[in-house]
Amino acid sequence: MDVNVLEMYNVEMKLGVVIKRTPTRKYKYCTQISPVRNVWSDEEFDTLGEIKGKILGEIVNGYTIKQNLLGLDFIDSILSHVHLPKDDTEVVV
């Protein structure tokens, strides 16, 4: 029996992404292909490090996290790889 460890949903497209932990200690990256027919595709990965880029891509594309059993440190580690360009000008508010 697989356990959902991360769920994301895009309200505009009405599509979801679910990461599941399998009994063999692998991770399934499940993406919803069709919102009306509830059709999903699955990819299996050995570690979470292999899918961090996919998760960041989904967050950038408008997905919001509905459920997170991986912890805030995991999400922070994904977002810490995003480097904003340094600007020489300061904005005073």
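Everything numeric here is computed off the predicted structure, so don't read it as measured data. (Residues numbered from 1 in each chain as written. Predicted model: local features only at pLDDT ≥ 70, side-chain atom pairs only at ≥ 80, totals over all residues. Heavy atoms only, no water.)

Draft legend 1. Broad picture of the packing of aromatic side chains. Inspection of the entire model under this criterion finds zero aromatic pairs. Sitting over the face of the ring of Y9, K66 holds its NZ or CZ atom 5.5 Å from the ring centroid. (Phe/Tyr/Trp six-rings, centres within 6.5 Å; stacked < 30°, edge-to-face > 60°. Lys NZ or Arg CZ within 6 Å of the ring centre and 35° of its normal.)

Draft legend 2. Just helix α2 (residues 72-79), in detail. Regarding α2, the residues found buried are F74, I75 and I78. Considered in projection along α2, the buried side chains sweep an arc of 95 degrees and stay on one side of the axis. Of the residues in α2, the exposed ones pointing more than 90 degrees away from the buried face are L72 and D73. Packing partners of the buried residues in α2 comprise α1 (52-60) and β5 (64-68). (Buried < 20%, exposed > 50% of the residue type's maximum accessible area, 1.4 Å probe, protein only. Helix = DSSP H or I, 4+ residues; strand = E, 2+ residues; numbered from the N terminus. Arc of directions from axis to C-beta. Contact = heavy atoms within 4.5 Å.)

Draft legend 3. Fine view of the environment of T31. Inspection of the secondary structure assignment puts T31 in strand β3 (residues 27-34). For the pair T31 and V17, spaced 14 residues apart in the sequence, the C-alpha separation amounts to 4.6 Å. In this structure, T31 is in contact with G16, V17, V39, W40 and S41, ignoring residues within four places of it in sequence. Of note is the side chain of T31, whose polar atom sits 2.8 Å from the side chain of S41. (Polar contact = N/O pair within 3.5 Å; in protein donor to acceptor, adjacent residues only side chain to side chain.)

Draft legend 4. A look at the side chain of T22. Turning to its location among the elements, T22 is positioned in the loop between β2 (15-21) and β3. Overall, T22 belongs to the buried group, its relative accessible area being 9%. Apart from the residues lying within four places of it in its own chain, the contact partners of T22 are D2, K28 and E44.

Draft legend 5. Main features of α1. Within α1 the residues assigned to the buried category are I55, L56 and E58. Looking down the long axis of α1, one finds its buried residues gathered within 160 degrees of arc, a one-sided arrangement. For α1, exposure combined with an orientation more than 90 degrees from the buried face picks out G53 and V60. Buried residues along α1 sit against β1 (3-10), β2, β3 and α2.

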